[in-house]
Amino acid sequence: MVGDVVAMLEKGVYVTLGTGVLALLFVGYLASSTMKLDAGNEKMRKISSMVQAGARAFLKREYTYVFSFVIVIALLIWWAPFIWQRVVPDRPPIDLGWRTSVCFVCGALMSALAGYIGMSIATRSNSRTTEAARTSGVNGALNVAVSGGAVMGMSVVGLALSGLCIVYLIFRDPIAVNGYAMGASLVALFARSGGGIFTKGADMGADLVGKVEAGIPEDDPRNPAVIADNVGDNVGDVAGLGADLLESYVEAIIASIAIAFSLAIAGLITQDTLVRLQLIPFLIAAAGIIASIIGVMYVKVSGGKNAQSALLMGTYVAAGLTIILSFFIIRQFGAPFQGVFGTYSKMGPFWATLTGIISGIIVGFTSEYFTSGHYRPVKNLAESSQSGPAITVTGGMAVGMMSTTIPVIVLAAAVMVSYHVSGMYGVALASLGMLATTGMIVSVDSYGPVADNAGGIAEMAGLDKSVREITDNLDAVGNTTAAIGKGFAIGSAAFAALSLVTAFISAAKLHDVQLTSPNVMAGLLIGGMLPFLFSSLLFGAVSKCAFQMIAEVRRQFREIKGLMEGKADPDPTTCVDISTRSAIRGMLLPGTIAILAPVVAGFVLGPGGLAGMLIGALITGVMLGIQMANSGGAMDNAKKYIEKGNFGGKGSDAHKAAVVGDTVGDPLKDTVGPSINILIKLMAVIALVLAPLFMVVG
């Protein structure tokens, strides 16, 4: 009987691996079909190749530093049992070692590879999107941009799930597999924070000097920071976003497996039930891949003139199919089970999964309401910009703060519902339900930077204004889809981090975390402070990068004769190098703090104090992440709303105020907010991986 259920799990994981391979085959199809398209005239190809070269150079340098951390941490995990026995031979051995180390490296490699593949195709899709807009109109440009974005989306789920299935089949050790999530999380933190520093430093320099001081259009070829800005769109909003959601995706699956395993360790469920509870998250992830492929194809086929409708309907199709497939999966493989505080029905995991999907949609569209130019908050913010930049910034901050209300209430309700139907296993499945269609979510979100770059190429290549109008419309839709994507990222981060904290508490055998304990109280306070410290360091890094960028753009405008008249070319390579060096320097200290904080807390405050620190970071981090992302999105789209001709249009006082507001909002929405999501998840997964060590120390 035991052999039969274990064989069932193995077959299920192989099926899941097959869907991961299917996703990668779909990536190959999308990439090859995109590369066959015309990249435009010589000038367009030259601009695109400069963006490609800058993005490759940045990722090479970034990954060099990141994998220095990976190698050191992997060796420490590998040697930990030997060092422990040498230092304290009288203490029990710790359950770490080479298996966890190998899984950790595999997770890091898969995350890095997904980012590289997605960014490589995205940077090659930009000029092809521009050419499609010139020759085939909206439908052709949308098709190319979606294909370019979908390479990133499907690479994320294909590589993440394939790698996870392989290490699971090789080691068959739920504890060691936790290392896979830690590797993905580490790369995600550096990719998001480093990419965010790069793109926003360049963007602020390009806007403040070009648009405000020089009065030249956005993406004007005379502006030397424009190429760096376009490079930044890819390394931050494509590679960084992909790494972010890859991490959440993996952690949701692993948290479900870890919680099921903890129930078995506690003697609450049988071997048969354990196998079923471990199989369900794999199969739901597989269902999400199939649904995402169908969703992407729906967008490519339906397209038409309404790009936003096509993209949103593709998302709905993917979510609806996931719900249907999840129902049949759980009906077939589910089983009633005993949790810590109650007994749950066979279909309880389905209701938890459904709760996650619905709450993700609500959180995503709440972000859209507060950041889209179609709704009152952004329209009011644009109107207030007539009173100057100070009013724009304060109004934008107010919009972001207000926007935390509905998502937090929805997340709280989702936690209660999913816990009621399936305990903490249900909370983990709610996280997975939200992330099951990660392939579709990342595809739709990564489409935005491709369309944005296409508009920049149209401007720099001097194409007809009608081409720029098409790409601007696609870019405007991309801003909406990006807001929805950030909502999913924030909501899933809260769920994933909560699931990981629960898994850590179970793994560390913390049966009762007392809030009156001084260690727990100290941990709560320190954890609540960490997102603020982390944010401060990232803001400082963006400011330093922007300061250097502004000085360089001013220098070139001043010293290169004929530049402003269009008779000479700028030097974009210097601007790319400034952003690269600033991003690498700026990401190291925040990343180091995120890695060391849970380790130090675990040793100094013990497992209970570490649990408190993780909860404190989760609470403040979710609030800050939502507020910053939506404040920045509102200020960005208030500027775009004015640029459409409202309240004076481009060049007006309201526009200048909105540009200043946008430069404040840019690091909020694209650097700090998304990086906080990863901070809370990385600390939680480090705690989970090192739980055996902290348990022995405690």
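Counting from 1, residues in each chain are numbered in the order their sequence is written. Totals for whole chains, interfaces and linings use every residue, but because this is a predicted model, local features are given only for residues with pLDDT of at least 70 and side-chain atom pairs only at 80 or more, for both listing and counting. Just so you know, side-chain values use all the structure's heavy atoms and leave hydrogens and water out.

Asks: Please provide a residue-by-residue account of the overall build of the protein, values included.
Replies: Strands here mean DSSP runs of E at least two residues long; helices mean DSSP runs of H or I at least four residues long; both are numbered from the N terminus. Looking only at helices and strands, one finds 18 helices and 2 strands in the protein. Restricting the calculation to C-alpha atoms gives the radius of gyration, and the globule rule supplies 2.2 Å times the number of residues raised to the power 0.38. Against the globule reference of 26 Å for 698 residues, the protein gives a C-alpha radius of gyration of 24 Å, in line with a compact fold. Here the C-alpha coordinates of the protein stretch approximately 75 × 50 × 40 Å along the principal axes. Burial status across the protein gives 64% buried among its 698 residues. It only takes one pair of heavy atoms within 4.5 Å for two residues to be counted as in contact. Intrachain contacts of the protein at a sequence separation of at least 6 include 85% that bridge at least 24 residues. Summing over all exposed atoms, the protein offers an accessible surface of approximately 23800 Å²; the carbon and sulfur share of this is 65%. Mean positive and mean negative side-chain charge positions of the protein (45 and 44 charges, respectively) differ by 3 Å. Burial classes follow relative accessibility: with a 1.4 Å probe on protein chains only, a residue under 20% of its type's maximum area counts as buried, one over 50% as exposed, and anything between as partly exposed. Per-residue and other accessible areas follow the Shrake-Rupley method at a 1.4 Å probe size, with only the shown protein chains counted as cover for residues. Here the positive residues are Lys and Arg and the negative ones are Asp and Glu; neither His nor the chain ends is included. All charge positions are set by atom: Lys at NZ, Arg at CZ, Asp at CG, Glu at CD.

Asks: Run through unusual backbone geometry, naming residues and quoting values.
Replies: Despite not being glycine, Phe-647 shows a phi value in the positive range, around 55°. Structurally, Phe-647 can be placed in the loop between helix H16 (606-643) and helix H17 (653-689). Exposure remark for Phe-647: the relative accessible area of 30% places this residue in the partly exposed category.

Asks: Help me get a handle on the environment of Ser-185, residues and values and all.
Replies: Tracing the chain through its elements places Ser-185 in helix H4 (residues 174-213). Linking Ser-185 and Ile-686, residues 501 residues apart in sequence, is a C-alpha distance of 9.1 Å. Apart from residues no more than four positions distant in its own chain, Ser-185 is found in contact with Glu-247, Glu-251, Ile-678, Lys-681, Leu-682 and Val-685.

Asks: Tell me about the packing of helix H5 (residues 226-265) against helix H6 (residues 271-302), residues and numbers included.
Replies: It is at 8 Å that the axes of H5 and H6 come closest, and there the two elements cross at 165°. Comparing their axes, H6 and H5 come out roughly antiparallel. In this structure, the crossing between H5 and H6 has a hand that is right-handed. Together, Tyr-249, Ile-253, Ser-256, Ile-257, Ala-260, Phe-261, Leu-263 and Ala-264 of H5 and Leu-274, Leu-277, Gln-278, Pro-281, Phe-282, Ala-285 and Ile-289 of H6 make up the contact between the two elements. Fitted lines through C-alpha atoms give the axes, limited to the stretch in contact for helices. The angle between two N-to-C directions lies from 0 to 180 degrees. Roughly parallel means an angle under 35 degrees; roughly antiparallel, over 145; roughly perpendicular, 65 to 115; everything else is oblique. Left-handed describes a crossing whose near helix is turned anticlockwise from the far helix by less than a right angle; the clockwise case is right-handed.

Asks: Could you give an account of a nonpolar patch on the surface, with specific residues and numbers?
Replies: Patch membership is restricted to residues that have no salt bridge and whose relative accessible area is over 30%. Joining uses 9 Å for like charges and 5 Å for the nonpolar side chains Val, Leu, Ile, Met, Phe, Trp and Tyr. Salt-bridge detection follows one rule: a side-chain nitrogen of Lys or Arg within 4 Å of a carboxyl oxygen of Asp or Glu. A grouping of Ile-71, Leu-75, Trp-78, Trp-79, Phe-82, Ile-83 and Trp-98 is seen on the molecular surface, where their side chains present a nonpolar patch of about 730 Å² in accessible area. With respect to the helices, strands and loops of the structure, Ile-83 is situated in helix H2 (residues 42-87). A relative accessible area of 42% places Ile-83 in the partly exposed class.

Asks: Lay out the environment of Val-660 with the relevant residues and their values.
Replies: Among the secondary structure elements, Val-660 is positioned in helix H17. A C-alpha to C-alpha distance of 9.1 Å links Val-660 and Lys-639, two positions 21 residues apart in sequence.

Asks: Just give me the short version of H6, but keep the residues and values in it.
Replies: One fewer than the residue count of a helix, multiplied by 1.5 Å, yields its expected span. Here H6 spans 47 Å end to end across 32 residues, near enough to the 46 Å set by a 1.5 Å rise per residue. With 24 of its 32 residues buried, H6 lies for the most part within the structure.

Asks: Outline the packing of helix H15 (residues 572-604) against H17, supporting the account with residue identities and numerical values.
Replies: It is the contact of H15 with H17, at a shortest axis distance of 9 Å, that shows an interaxial angle of 40°. Judged by the inter-axis angle, H15 sits oblique to H17. Like other packed secondary-structure pairs, H15 and H17 cross with a definite hand, here right-handed. Of H17, the residues touching H15 (which contributes Ala-594, Ile-595, Ala-597, Pro-598 and Val-599) are Leu-679, Leu-682, Met-683 and Ile-686. Under the scheme applied, nonpolar residues are Ala, Val, Leu, Ile, Met, Phe, Trp, Tyr, Cys and Pro; charged residues are Asp, Glu, Lys and Arg; polar residues are all the others, including Gly. Tallied by class, the residues present in the contact of H15 with H17 amount to 9 nonpolar, no polar and no charged.

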